[in-house]
Amino acid sequence: MARIRPLSGFPEWLPVGRLVEQHVLDVLRHTFELHGFAGIETRSVEPLDQLLRKGETSKEVYVLRRLHEQAEAGQRREEGLGLHFDLTVPFARYVLENAGRLVFPFRRYQVQKVWRGERPQDGRFREFTQADVDIVGDGTLPYHVEVEIPLVIADAFAALRDVGVPPVQILVNNRRVVEGFARGMGLADVEPVLRAVDKLDKVGPDVVAELLGTEAGASAAQAAAVLELADLRGADESVTDAVAALAARHSVADEMLTTGLGELAALVGAAARRAPGTVVADLKIARGLDYYTGSVYETVLVGHEQLGSICSGGRYDTLASEGARTFPGVGLSVGVTRLVSRLLSADLVTATRPVPSAVLVAVVSEETRDASDLVALALRSRGVPVEVAPAAAKFGKQIAHADRRGIPYVWFPGETDEVKDIRSGDQQPADPDTWTPPTDDWWPRVVPAAPDR
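The residue numbering used here restarts from 1 in each chain and proceeds along that chain's sequence as written. The model is predicted, so local features are restricted to residues of pLDDT at least 70 and side-chain atom pairs to those at 80 or more, both for listing and for counting; the totals for chains, interfaces and linings are taken over all residues. Computation of side-chain values: all heavy atoms of the structure, hydrogens and water removed.

S.K.: Please clarify how the overall build of the chain should be interpreted in this entry.
M.R.: In this text, helices come from DSSP runs of H or I with a minimum length of four residues, and strands from runs of E with a minimum of two, each type numbered from the N-terminal end. In terms of helices and strands, the chain carries 15 helices and 19 strands. Taking the principal axes of its C-alpha atoms as reference, the chain extends roughly 90 × 65 × 45 Å. When accessible area is computed with a 1.4 Å probe and restricted to protein chains, residues below 20% of their type maximum are described as buried, those above 50% as exposed, and intermediate ones as partly exposed. Going through the 453 residues of the chain one by one, you find that 51% of them count as buried. Charged-residue counts in this description rest on Lys and Arg as positive and Asp and Glu as negative, His and the chain ends being excluded. Every charge is mapped onto a representative atom, which is NZ of Lys, CZ of Arg, CG of Asp or CD of Glu. The centroid of the 50 positive side-chain charges in the chain is displaced by 4 Å from the centroid of its 64 negative side-chain charges.

Pasting the structure below:
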């Protein structure tokens, strides 16, 4: 038999890791639903001409080769399908197809696997789970939505703190600020400015200054001013005052800059009141993709910033369009697999046991297995997760089996049933129609991996 090797970029968790992932997903879903978002799921494949419409993603898409080949006689041939590499393209198509049946603004969350032709490395996978949350309008969408979306994410991560997930910082900016400042400086072609600033953390200011010169046509003085803007950061409205002062110093006056500063001040002001210290204005956050038009967001785990953003997104004025009808939106996408991989690899979060079973019912003999099955049936009828021992071995071996499985209680059926907590050794009579485990033992719980974290 050939040696089995793991496939790079396709993570598989052990049961404890899966419990951690499920808890993260449950908290996200619960938080999204508390804020009125409805869950949807879309198909896994989309036409290649839609997946590749921006060109630069062509190497990321997994093509369904079989659907490119000639189908057997009598079957319809479908060409040009690939697995989606994020949830934006399928969601845009979903909105267009169902626009007549949706109520706008449409509040949606979506949790699904996606596939991307990444080079596997820490935090980057070829198959991974995303959790997206968006509000989409029909024609218009008010600015306050750009304030609401990051605060929903702040609530979700605040709810994860109890199990050992580190705090997050949601770094925000407004594209109108960067665009308005660049235009006010005389840089008419803004896209290369945004793309250059977006690389600042990766390549450093010297390289960005060079890119601003070669790709955006910036002079040394203009590049220096843009870099000075990108260096500004703050958790309240004072950061927008600093931007205004910088603009005045460079004689920059632009209507878009003024609008963007007002919006950014509203966002950080609301966040300072509702989630102090969580949302931070960072003027180097540019999100170089050209479909963002207003607020942009990136989220980092505090103490694990080198992992990169675990949740990003922004405002887009054209999620989808049909003729003159457009659908603007604001959304954020949580990289669930990236987050969970760090929680597990850094030993930050674990589960109290790897299996759901709280009780193992011992088997006295194979001839009396029915009696053990009846005990399990009675416990399950009241919601207690139970399994029956696989063999009528000596009780010591059955207890050892429960210990290896992580099951805390062993039930001994007989004329007088007894249940044993194998951690403490405590054993007492019990009635399968009334006994229940303590609340903390009923189901496995996700907890901090170490008490000092």
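S.K.: Explain helix α11 (residues 255–274) here, please?
M.R.: For the α-helix, the turn length of 3.6 residues means that residues three or four positions removed from each other point alike. Expected span of a helix, by definition, is 1.5 Å for each gap between consecutive residues, and there is one gap fewer than residues. Relative to the 28 Å expected for 20 residues at 1.5 Å per residue, α11 spans 29 Å between its end C-alpha atoms, a close match to the ideal helical length. Every buried residue of α11 is listed here: Leu257, Gly260, Leu261, Glu263, Leu264, Ala265, Leu267, Val268, Gly269, Ala270 and Ala271. Residue contacts are counted whenever heavy atoms from the two residues lie within 4.5 Å of one another. Looking at the buried positions of α11, the neighbouring elements they touch are α4 (144–160), β7 (168–174), α5 (175–184), α10 (238–249), β9 (279–282) and β10 (295–301). Looking at where α11 begins, the residue whose side-chain oxygen comes 2.8 Å from the main-chain nitrogen of Met256 is Asp254. We define a polar contact as two N or O atoms separated by no more than 3.5 Å, with the added condition that, inside protein, one atom must be a possible hydrogen donor and the other a possible acceptor, whereas residues neighbouring each other in sequence contribute only through side-chain atom pairs.

S.K.: Would you explain the sheet that holds strand β2 (residues 45–47) in this entry?
M.R.: Remark on secondary structure: sheet strands pair via backbone hydrogen bonds, oriented parallel or antiparallel. As summarised here, the arrangement of the three strands in space is β2-β4-β3, forming an open sheet in which the pairing is antiparallel. On the outer flanks of this sheet lie β2 and β3 (62–63), each paired with one strand and no other. Paired strands, in this sense, are two strands between which DSSP finds at least two bridges. In the sheet, β2 pairs with strand β4 (residues 81–83) via three bridges, with the strands oriented antiparallel. Within β4, the position partnered with Val45 by the bridge is Leu83.

S.K.: Would you take a moment to explain the pattern of salt bridges for this structure?
M.R.: Salt bridge, as applied in this entry: a Lys or Arg side-chain nitrogen positioned within 4 Å of an Asp or Glu carboxyl oxygen. Considering all chains together, one arrives at 27 salt bridges under this definition. One salt bridge connects Arg369 with Glu366, and the closest N-O pair in it is separated by 2.9 Å. Using a relative accessible area of 43% as the deciding quantity, one classes Glu366 as partly exposed. Among the ionic pairs, Asp441 bridges to Arg423, the shortest N-O distance being 2.7 Å.

S.K.: I would appreciate a short explanation of the pairing of strand β6 (residues 127–136) in the present structure.
M.R.: Remark: a regular strand shows side chains that alternate across the two faces of the sheet. With respect to burial, β6 is a largely interior element, ten of its ten residues being buried. Across the two faces of β6 the burial is the same, with Glu127, Thr129, Ala131, Val133 and Ile135 and Phe128, Gln130, Asp132, Asp134 and Val136 all buried.

S.K.: How do you make sense of the environment of Arg176 when you look at a structure like this?
M.R.: For Arg176, the location among the structural elements is in helix α5. Residues Arg176 and Leu261, 85 residues apart in the sequence, show an inter-C-alpha distance of 7.9 Å. In this structure Arg176 touches Glu146, Met256, Leu257, Thr259, Gly260, Glu263, Thr293, Gly294 and Asp317, once residues within four positions along its chain are discounted.

S.K.: Looking at this structure, I do not really get the nonpolar core. What am I missing?
M.R.: A general feature of soluble globular proteins is that nonpolar side chains tend to end up buried together. Ranked by size, the top nonpolar core spans 65 residues in total, and within it Phe32, Ile153, Phe157, Val172 and Phe181 carry the most contacts. For this core, the element with the most residues is α4, which contributes ten residues. Sequence-distant contacts of Phe181, that is, excluding residues within four places in its chain, are made with Ala225, Val226, Leu229, Leu246, Ala247, Val252 and Leu257. As used in this record, nonpolar core signifies buried Ala, Val, Leu, Ile, Met, Phe, Trp, Tyr and Cys residues forming a set joined through side-chain atoms within 4.5 Å. Grouped together as the second largest cluster of nonpolar side chains are 24 residues, Ala358, Leu360, Val386 and Ala389 included.

S.K.: How do you make sense of the sheet that holds strand β14 (residues 359–361) when you look at a structure like this?
M.R.: Judged by pairing direction, the sheet is mixed, and its five strands sit side by side in the order β15-β14-β16-β17-β18 without closing on themselves. The sheet terminates laterally at β15 (386–388) and β18 (427–429), the two strands that pair on one side only. Here the average twist between neighbouring strands, direction ignored, is 25 degrees. One ladder, built from three bridges, connects β14 with β15; its direction is parallel. If you follow Leu360 over to β15, its bridge partner there is Glu387. Here helix α13 (residues 369–381) sits on the sheet in contact with β14, β15 and β16 (409–412), set at roughly 175 degrees to β15. Inter-axis angles, ranging from 0 to 180 degrees, are taken between N-to-C directions of lines fitted to C-alpha atoms, where helices are fitted over the stretch in contact. Against the sheet, helix α14 (residues 395–405) makes contact with β14, β15, β16 and β17 (418–421), and its axis sits at roughly 150 degrees relative to β16, the strand it touches most.

S.K.: Looking at this structure, how should I read the side chain of Arg176?
M.R.: Accessibility expressed as a relative area gives 18% for Arg176, which makes it buried. A polar contact is formed between the side chain of Arg176 and the side chain of Glu263, at a distance of 2.8 Å.

S.K.: Sorry if this is basic, but what is going on with the environment of Arg233 here?
M.R.: As for its placement among the helices and strands, Arg233 is situated in strand β8 (residues 233–234). For Arg233 and Leu283, which are 50 residues apart along the polypeptide, the C-alpha to C-alpha distance reads 6.2 Å. Once residues within four sequence positions are removed from consideration, Arg233 is found in contact with Gln169, Leu171, Val239, Val280, Ala281, Asp282 and Lys284. Among the polar contacts listed, one links the side chain of Arg233 to the side chain of Asp282, at a separation of 2.8 Å.

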